[in-house]
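# Examining the three-dimensional arrangement
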Amino acid sequence: MLTQWLKVYSVPFAISIVGAGFYASPAHAGVCELADGNRDTGWSITFDDAQVSNCVFTGNAGEGRNKGTLNLTLKFVDANPIAIQFVEEAAAAVDSFGLRITWNLTLDNQFQLLRGIRGRAFDGNPKLDEDDNEFVADAHPGFAHFHQDGTFNPGPFVGAPDCDCESDRDFRIRALEEGSFAAGTVGTVSGLGVHQIEEQGQQRNFTVNVEPLRAEEEAQTVQ
(Lines give C-alpha, C1' and ligand atoms only; values in the text may rest on other atoms or scores of the structure.)
Protein backbone atom coordinates (compact mmCIF):
# COMPACT_ATOMS: atom_id res chain seq x y z
CA MET A 1 0.00 0.00 0.00
CA LEU A 2 2.80 2.44 0.79
CA THR A 3 4.13 2.27 -2.76
CA GLN A 4 0.69 3.15 -4.10
CA TRP A 5 0.42 6.09 -1.69
CA LEU A 6 3.80 7.41 -2.74
CA LYS A 7 2.61 7.43 -6.35
CA VAL A 8 -0.80 8.97 -5.68
CA TYR A 9 -0.25 11.61 -3.00
CA SER A 10 2.06 14.60 -2.87
CA VAL A 11 5.61 14.07 -1.66
CA PRO A 12 5.16 15.91 1.68
CA PHE A 13 2.18 13.70 2.54
CA ALA A 14 4.10 10.56 1.60
CA ILE A 15 7.01 11.56 3.82
CA SER A 16 4.73 12.17 6.77
CA ILE A 17 3.44 8.58 6.40
CA VAL A 18 6.93 7.11 6.18
CA GLY A 19 8.18 9.09 9.15
CA ALA A 20 5.13 8.56 11.37
CA GLY A 21 6.20 8.14 14.96
CA PHE A 22 9.62 9.69 14.35
CA TYR A 23 9.43 13.07 12.62
CA ALA A 24 6.99 15.49 11.05
CA SER A 25 7.25 15.91 7.29
CA PRO A 26 9.99 18.35 6.29
CA ALA A 27 9.08 21.85 5.19
CA HIS A 28 10.80 21.36 1.83
CA ALA A 29 10.45 17.79 0.63
CA GLY A 30 13.08 16.09 -1.50
CA VAL A 31 13.10 12.56 -2.91
CA CYS A 32 15.99 10.63 -4.45
CA GLU A 33 15.79 7.13 -5.95
CA LEU A 34 18.62 4.76 -5.05
CA ALA A 35 18.77 3.44 -8.60
CA ASP A 36 20.61 3.98 -11.86
CA GLY A 37 21.33 2.05 -15.05
CA ASN A 38 23.56 -0.41 -13.19
CA ARG A 39 21.44 -1.20 -10.14
CA ASP A 40 17.99 -0.59 -8.70
CA THR A 41 18.05 -1.11 -4.95
CA GLY A 42 14.27 -0.86 -4.57
CA TRP A 43 14.82 1.95 -2.05
CA SER A 44 14.65 5.73 -2.09
CA ILE A 45 15.44 8.48 0.41
CA THR A 46 13.36 11.48 1.46
CA PHE A 47 14.66 14.61 3.16
CA ASP A 48 14.30 18.34 3.70
CA ASP A 49 15.92 19.84 0.62
CA ALA A 50 16.83 22.98 2.55
CA GLN A 51 19.27 20.79 4.49
CA VAL A 52 20.12 17.99 2.03
CA SER A 53 21.18 18.35 -1.60
CA ASN A 54 23.29 16.92 -4.44
CA CYS A 55 21.93 13.39 -4.14
CA VAL A 56 23.80 11.10 -6.53
CA PHE A 57 23.52 7.31 -6.46
CA THR A 58 26.02 5.22 -8.43
CA GLY A 59 25.04 1.56 -8.60
CA ASN A 60 27.42 -1.38 -8.57
CA ALA A 61 26.69 -3.65 -11.52
CA GLY A 62 26.08 -7.34 -10.93
CA GLU A 63 24.79 -9.19 -7.89
CA GLY A 64 27.29 -8.07 -5.26
CA ARG A 65 26.00 -7.37 -1.77
CA ASN A 66 27.10 -3.73 -1.79
CA LYS A 67 24.64 -2.20 -4.22
CA GLY A 68 26.35 1.14 -4.79
CA THR A 69 27.45 4.50 -3.44
CA LEU A 70 25.22 7.35 -2.28
CA ASN A 71 26.65 10.86 -2.23
CA LEU A 72 24.80 13.59 -0.32
CA THR A 73 25.53 17.12 0.83
CA LEU A 74 24.33 18.05 4.34
CA LYS A 75 24.14 21.69 5.40
CA PHE A 76 24.57 22.34 9.13
CA VAL A 77 23.18 25.69 10.23
CA ASP A 78 22.52 24.86 13.90
CA ALA A 79 22.80 22.02 16.42
CA ASN A 80 19.69 20.20 15.21
CA PRO A 81 20.13 16.80 13.54
CA ILE A 82 19.38 16.36 9.85
CA ALA A 83 16.97 13.50 9.10
CA ILE A 84 17.26 11.26 6.03
CA GLN A 85 14.48 8.70 5.64
CA PHE A 86 15.23 5.42 3.82
CA VAL A 87 12.08 4.06 2.16
CA GLU A 88 11.72 0.50 0.90
CA GLU A 89 9.37 1.07 -2.00
CA ALA A 90 7.61 -2.30 -1.89
CA ALA A 91 7.39 -5.15 0.57
CA ALA A 92 10.25 -7.57 -0.03
CA ALA A 93 9.39 -10.56 -2.20
CA VAL A 94 11.94 -12.78 -0.47
CA ASP A 95 14.38 -12.60 2.43
CA SER A 96 17.66 -11.08 1.30
CA PHE A 97 20.85 -9.34 2.41
CA GLY A 98 18.87 -6.24 1.50
CA LEU A 99 19.98 -2.65 1.25
CA ARG A 100 23.74 -2.24 1.59
CA ILE A 101 25.33 0.91 0.23
CA THR A 102 28.38 3.06 0.84
CA TRP A 103 27.53 6.55 2.03
CA ASN A 104 29.68 9.61 1.33
CA LEU A 105 28.63 12.80 3.14
CA THR A 106 29.80 16.22 2.01
CA LEU A 107 29.33 18.51 5.00
CA ASP A 108 28.68 22.22 4.52
CA ASN A 109 29.42 23.69 7.94
CA GLN A 110 27.53 26.97 8.31
CA PHE A 111 27.31 26.60 12.09
CA GLN A 112 30.43 26.70 14.28
CA LEU A 113 33.67 24.87 15.01
CA LEU A 114 32.93 21.13 15.03
CA ARG A 115 34.81 18.13 16.34
CA GLY A 116 32.77 15.49 14.55
CA ILE A 117 29.39 14.11 13.57
CA ARG A 118 27.10 11.45 14.98
CA GLY A 119 24.56 9.43 13.03
CA ARG A 120 21.73 7.40 14.57
CA ALA A 121 19.45 4.89 12.86
CA PHE A 122 15.86 4.94 14.09
CA ASP A 123 14.28 1.64 13.09
CA GLY A 124 10.79 0.88 14.38
CA ASN A 125 10.56 -2.49 12.64
CA PRO A 126 10.57 -5.80 14.51
CA LYS A 127 14.15 -6.84 15.18
CA LEU A 128 15.05 -9.91 13.11
CA ASP A 129 17.12 -12.81 14.41
CA GLU A 130 18.70 -15.82 12.75
CA ASP A 131 15.49 -17.82 13.20
CA ASP A 132 13.58 -15.20 11.20
CA ASN A 133 16.07 -14.52 8.44
CA GLU A 134 19.12 -16.48 7.24
CA PHE A 135 21.04 -13.28 6.52
CA VAL A 136 21.10 -12.14 10.15
CA ALA A 137 24.48 -12.66 11.87
CA ASP A 138 26.61 -11.05 14.56
CA ALA A 139 28.21 -8.85 11.94
CA HIS A 140 24.85 -8.10 10.31
CA PRO A 141 22.17 -7.66 13.01
CA GLY A 142 18.46 -7.60 12.23
CA PHE A 143 18.00 -3.82 12.44
CA ALA A 144 19.25 -0.83 10.45
CA HIS A 145 22.95 -0.43 11.19
CA PHE A 146 26.28 0.85 9.96
CA HIS A 147 29.61 -0.56 8.82
CA GLN A 148 33.01 0.94 8.09
CA ASP A 149 33.72 0.34 4.42
CA GLY A 150 37.21 0.07 2.97
CA THR A 151 37.01 3.59 1.53
CA PHE A 152 36.46 5.19 4.95
CA ASN A 153 38.02 8.64 5.33
CA PRO A 154 37.13 11.03 8.19
CA GLY A 155 37.62 14.06 5.96
CA PRO A 156 37.66 17.29 7.99
CA PHE A 157 37.80 15.49 11.34
CA VAL A 158 41.56 15.27 11.60
CA GLY A 159 42.91 12.13 13.22
CA ALA A 160 39.58 10.36 13.68
CA PRO A 161 40.66 6.70 13.70
CA ASP A 162 37.38 5.10 12.61
CA CYS A 163 33.60 5.53 12.53
CA ASP A 164 32.96 3.79 15.87
CA CYS A 165 30.11 2.07 14.09
CA GLU A 166 30.64 -1.55 13.12
CA SER A 167 27.25 -3.34 13.12
CA ASP A 168 25.77 -0.72 15.46
CA ARG A 169 22.72 1.54 15.25
CA ASP A 170 24.89 4.64 15.33
CA PHE A 171 28.22 6.04 14.22
CA ARG A 172 30.55 8.68 15.66
CA ILE A 173 33.42 10.30 13.81
CA ARG A 174 35.48 12.55 16.07
CA ALA A 175 38.70 14.45 15.50
CA LEU A 176 41.53 13.84 17.93
CA GLU A 177 41.77 17.56 18.61
CA GLU A 178 38.95 19.55 20.22
CA GLY A 179 37.84 20.97 16.90
CA SER A 180 39.10 20.64 13.36
CA PHE A 181 36.18 21.59 11.09
CA ALA A 182 35.77 25.36 10.97
CA ALA A 183 32.56 27.23 10.28
CA GLY A 184 32.24 28.38 6.69
CA THR A 185 34.13 25.38 5.27
CA VAL A 186 33.16 22.19 3.46
CA GLY A 187 34.55 18.68 3.92
CA THR A 188 33.64 15.12 2.97
CA VAL A 189 33.36 12.04 5.17
CA SER A 190 33.43 8.92 3.02
CA GLY A 191 33.08 5.16 3.37
CA LEU A 192 30.14 4.73 5.76
CA GLY A 193 28.25 1.52 5.11
CA VAL A 194 24.46 1.66 5.60
CA HIS A 195 22.68 -1.69 5.86
CA GLN A 196 19.18 -3.03 6.37
CA ILE A 197 18.34 -6.72 5.88
CA GLU A 198 15.12 -7.36 3.95
CA GLU A 199 12.37 -9.63 5.25
CA GLN A 200 9.72 -11.18 3.00
CA GLY A 201 6.43 -9.28 3.14
CA GLN A 202 7.84 -6.32 5.10
CA GLN A 203 8.77 -2.74 4.22
CA ARG A 204 11.59 -2.06 6.64
CA ASN A 205 11.81 1.73 6.37
CA PHE A 206 14.12 3.57 8.75
CA THR A 207 15.48 7.07 9.41
CA VAL A 208 19.05 8.22 9.96
CA ASN A 209 19.69 11.39 11.97
CA VAL A 210 23.05 13.09 11.43
CA GLU A 211 24.00 15.71 14.01
CA PRO A 212 27.05 17.96 14.42
CA LEU A 213 29.31 17.44 17.43
CA ARG A 214 30.38 20.85 18.64
CA ALA A 215 33.96 21.24 19.76
CA GLU A 216 33.02 23.04 22.97
CA GLU A 217 30.53 20.36 24.03
CA GLU A 218 32.95 17.54 23.25
CA ALA A 219 35.64 19.24 25.36
CA GLN A 220 33.25 19.54 28.29
CA THR A 221 32.33 15.86 27.99
CA VAL A 222 35.99 14.82 28.19
CA GLN A 223 36.62 16.97 31.29
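Each value, and the rule that gives it
Residues numbered from 1 in each chain as written. Predicted model: local features only at pLDDT ≥ 70, side-chain atom pairs only at ≥ 80, totals over all residues. Heavy atoms only, no water. Helix = DSSP H or I, 4+ residues; strand = E, 2+ residues; numbered from the N terminus. Buried < 20%, exposed > 50% of the residue type's maximum accessible area, 1.4 Å probe, protein only. Contact = heavy atoms within 4.5 Å. Areas by Shrake-Rupley, 256 points an atom, 1.4 Å probe, with all protein chains shown as cover. Core = buried A, V, L, I, M, F, W, Y, C linked by side-chain atoms within 4.5 Å. Patch = residues over 30% accessible without salt bridge, like charges linked within 9 Å, V, L, I, M, F, W, Y side chains within 5 Å. Salt bridge = Lys/Arg side-chain N within 4 Å of Asp/Glu carboxyl O. Lys, Arg positive; Asp, Glu negative; His and termini not counted. Charge placed at Lys NZ, Arg CZ, Asp CG, Glu CD.

Next up on the list: the overall build of the chain. A count of helices and strands for the chain gives three helices and 11 strands. Starting at the N terminus, the α and β elements of the chain follow one another as α-α-β-β-β-β-β-β-β-β-β-β-β-α. The 223 residues of the chain split such that 48% are buried. Across the chain, contacts joining residues at least 24 apart in sequence account for 70% of those joining residues at least 6 apart. Total accessible area computed for the chain in this model is approximately 10200 Å², and 47% of it derives from carbon and sulfur atoms.

Right, let's talk about the nonpolar core for a bit. Ranked by internal contacts, the top residues of the largest apolar core, which has 39 residues, are Ile84, Phe86, Trp103, Ile117, Phe157 and Ile173. It is strand S6 (residues 96–109) that provides the largest number of residues to this core, a total of five residues. Not counting residues within four places of it along the chain, the set of residues in contact with Ile117 comprises Phe76, Leu105, Leu107, Phe157, Phe171, Arg172, Ile173, Val189, Val210, Glu211, Pro212 and Leu213.

Now for a negative patch on the surface. Residues Asp129, Glu130, Asp131, Asp132 and Asp138 make up a contiguous surface patch of negative charge. Take Glu130: it is sitting in the loop between strand S7 (114–122) and strand S8 (145–153). By relative accessible area, Glu130 is classed as exposed at 56%.

Inspection of every chain in the model, using the stated rule, returns five salt bridges. One salt bridge in this structure joins Arg100 and Asp149, with 2.6 Å as the shortest N-O distance. Pair noted here: Arg100 is in strand S6 and Asp149 is in strand S8, with a separation of 49 residues, a long-range link. A residue is classified by how much of its surface remains accessible, and Arg100, at 12% relative accessible area, is buried. Salt bridges sharing partners connect three or more residues here, namely Arg118, Asp170 and Arg172.

Our next topic: the side chain of Thr73. Examined against the element boundaries, Thr73 turns out to sit in strand S4 (residues 68–76). On the basis of relative accessible area, Thr73 is assigned to the buried category, the value being 13%. Setting aside anything within four residues of it in sequence, one finds Thr73 in contact with Gln51, Val52, Ser53, Asn54 and Thr106.

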